[in-house]
Amino acid sequence: MNHLRKIKSALISVYHKDNLEPIVKKLEELGVTLYSTGGTQSFIEELNVPVTAVEDLTTYPSILGGRVKTLHPKVFGGILSRRENEGDVAQVIEYGIPDIDLVIVDLYPFEETVASGASEADIIEKIDIGGISLIRAAAKNYKDVVIVSSREQYTDLFNMLEEKGGSELSDRKAFAAKAFAVSSHYDSAIFSYFNQEEMPLERISLNDGQVLRYGENPHQSARFYRFNNTKNEETLAGAQVLQGKALSYNNLLDADAAWKSASDAFHSVTHLDSKVAVSVIKHLNPCGLAVGNDIMSTLELAWAGDPISAFGSIICFTSTVTAEVAEWFAKKFVEIIIAPEFTPEALEVFGKKKNLRLLVANVKAETTGEKLYRSINGGILVQDEDEGLETEFKNVTKVQFDENKVNLAKFGITACKHLKSNAIAVVTENSDGAFWLTGAGMGQPNRLDSLRQLTMPRFDMKEGIKIEYSVLISDAFFPFRDSIEAANEYGVKYIVEPGGSIRDEEVIEACDEFGIAMVFTGVRHFKH
C-alpha cells in the first residue's frame, strides 16, 4: 500500500557535508529526532539543530580510531525492525531500541583516494564499514525505512520532504534500488584494488551513463560510461568537449582509435628531438599517421596518406593546435579534432564550424593498461590491451635488413597494429626525418587482398616516395609466397612480419629470389 509515512527519527552519518544543511533544517522543521556521530554530529550542532550522539544511544564510545561507531544493535535494530511484525515490535520495546525511519549516508571516498596515489594505509582506512552496513540494512528494510546513500541524492530527498513531508512506499523502494547500486559499485571498486593477482574474476560497475546521439546506426540507442566513475584527464574518457554537436557511439570509437594511434606513434619514435604525432582515423582505421618535427608538416603528411578517406575523419594531435592549423581545415570536413590544447586564436577560427567537435585530452599519455571488453551472445570477452613494442628483429633472408630502417620499422609496426586485420602497412621516412604511413591495406579476409588493395597505389604519390626505401609491415605471418610476389611488384625491398607459418621457408625463399630483406619479430598484432 502506497500511503504516506511520516519520518519521526533519522540517523545521519556522511563524509561530504555539501548541501546537507537544507535537509537538516527541513528535518528539524518536521520535528524529526536526529542521531549522528563524529564530524556529522559537529556539523549539525554548528547549525544549532538538536542532535543526539549515537554514543549516547548505544552507551558505547566511538572506538578503534573511529572504526567502530554505529555498529551496535541499538542502531541496526532500529533500522531493521519490521514495524508490522509483532515479534520485532516486542523486542525493540524490550531492549529500548528506537525506530529509525531515515538513514542518510555518504561513504568514505575510496575511489578518489586510490586515484590520488595515497599510501596503502590511507586507502585501507577509506574502506567504509559502518556506512556500507547502514546502507544495506536500511535498503533491505525499505518497506519501513528511507535510505539516502550518496550526496547525489540529497536533492531528491529534500524535494520529497518539501513536497510530501514524508515518504511513500514507491519512494522508499526507489531509494533502496539506488542504495544497492551505490553499495555494489563501492564493493567492486574495492575488489578491483585488491585484485592484483589476476584472479579469473571480473567486477565491472558503471554509473551515470551519458546518453549518446545514437548507436552504430540512428535507430540504435547508446550510452557512454566511464570506468571508476571518474574523469581522468589522462584518458580519452576524461576528455573535455569544447564545442560541437553531441557525440555518437561511432564518434567515440573513432576518437579512441585516434587517441591511441597518435599516442602510440608518438612514443614509438625516438630519433627526433622535438616531435609531434598526427593521426587521421576513418572507421577505426588510420588512413593517415605521421610523426615529424613540426605540427603543420606532420599534419600534411598524415593527410596525404589517404586524402580521399580523410573526408569526415577524426584527427588527433599530440601538440597544441594553433590558428595556422585551424585555418588549414577551413575548407576540409572532419568530424572531431583531439589535442592536448587549443590556442584561443584556434578556437576562434574553429568556432565558425559549429558542428565540429573539439576535444581536449592528454594525447601524450602512455596507454592506460585497461582491459578490453567485448560482448558476445550470452557472455563477455576480456583481454589485455595490445601494448608495448617488440625489440627483436631477426634477419631471416640473405639480404640483411638495414639497421637504419629499424626505427622506421618500429613506427610501421605501431601503425600496422592499429589497422584492422588482415593488415598491411607501408611506412616511409622523408628527407626531414619524419615517419609517415604511405600505404595501408586492412579488413580483408585474406592477406593477399589487403596487400593488393593498399591505399598507396590509388594516388599519384611517387614524388618524394621511393618504395624501395620504404618498409612494408604485416600484422601476422604471410602464409604463402604470393604476398611476397605482390610486394615485389610494388618494388618493396624491406619487409617486417612476425613469422610463425609452417611455410616460413617458402616465404623466405621468395624474398631471397627477389632480393628483399625480411625480419621476423615473433609478435603478432591482430586487430579484429
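No experiment lies behind these values; they were computed from the predicted model shown. (Residues numbered from 1 in each chain as written. Predicted model: local features only at pLDDT ≥ 70, side-chain atom pairs only at ≥ 80, totals over all residues. Heavy atoms only, no water.)

## Topic: the environment of Asp-256
Here Asp-256 lies in helix 11 (residues 249–268). With a relative accessible area of 26%, Asp-256 lands in the partly exposed category. Spatially, the C-alpha atom of Asp-256 lies 19 Å from that of Leu-206, the residues being 50 residues apart in sequence. (Helix = DSSP H or I, 4+ residues; strand = E, 2+ residues; numbered from the N terminus. Buried < 20%, exposed > 50% of the residue type's maximum accessible area, 1.4 Å probe, protein only.)

## A short note on the state of the cysteines
Within this structure, the stated rule accounts for zero disulfides. Free cysteine Cys-316: the closest other cysteine sulfur is in Cys-287, separated by 13 Å. Overall, Cys-316 belongs to the buried group, its relative accessible area being 0%. Free of any disulfide, Cys-511 has its nearest neighbouring cysteine sulfur in Cys-416, separated by 16 Å. (Disulfide = S-S within 2.5 Å.)

## Some remarks on the pattern of salt bridges
A full pass over the atoms with the stated rule returns 19 salt bridges. Arg-447 is the partner of Asp-475 in a salt bridge, and the nearest nitrogen-oxygen pair spans 2.5 Å. Of this pair, Asp-475 sits in the loop between strand 21 (471–474) and helix 17 (482–490) while Arg-447 sits in helix 16 (residues 447–452); the two residues are 28 residues apart in sequence, bridging distant segments of the chain. Overall, Asp-475 belongs to the buried group, its relative accessible area being 1%. Given a relative accessible area of 5%, Arg-447 falls into the buried group. With a closest N to O distance of 2.8 Å, Arg-481 and Glu-485 form a salt bridge. (Salt bridge = Lys/Arg side-chain N within 4 Å of Asp/Glu carboxyl O.)

## Quick notes on a negative patch on the surface
A grouping of Asp-294, Glu-300, Glu-324 and Asp-432 is seen on the molecular surface, where their side chains present a negatively charged patch. Mapped onto the secondary structure, Asp-294 falls in the loop between strand 12 (285–292) and helix 12 (295–304). (Patch = residues over 30% accessible without salt bridge, like charges linked within 9 Å, V, L, I, M, F, W, Y side chains within 5 Å. Areas by Shrake-Rupley, 256 points an atom, 1.4 Å probe, with all protein chains shown as cover. Lys, Arg positive; Asp, Glu negative; His and termini not counted. Charge placed at Lys NZ, Arg CZ, Asp CG, Glu CD.)

## Thoughts on the nonpolar core
Judged by nonpolar contacts, the single largest core of 53 residues is most densely connected at Leu-27, Leu-34 and Ile-104. Setting aside its immediate chain neighbours within four residues, Leu-27 contacts Ala-10, Ile-12, Val-32, Leu-34, Leu-102, Ile-104 and Leu-161. Grouped together as the second largest cluster of nonpolar side chains are 31 residues, Val-276, Cys-287, Trp-328 and Leu-358 included. (Core = buried A, V, L, I, M, F, W, Y, C linked by side-chain atoms within 4.5 Å. Contact = heavy atoms within 4.5 Å.)

Such coordinate-based values are descriptive only and should not be taken to indicate function.
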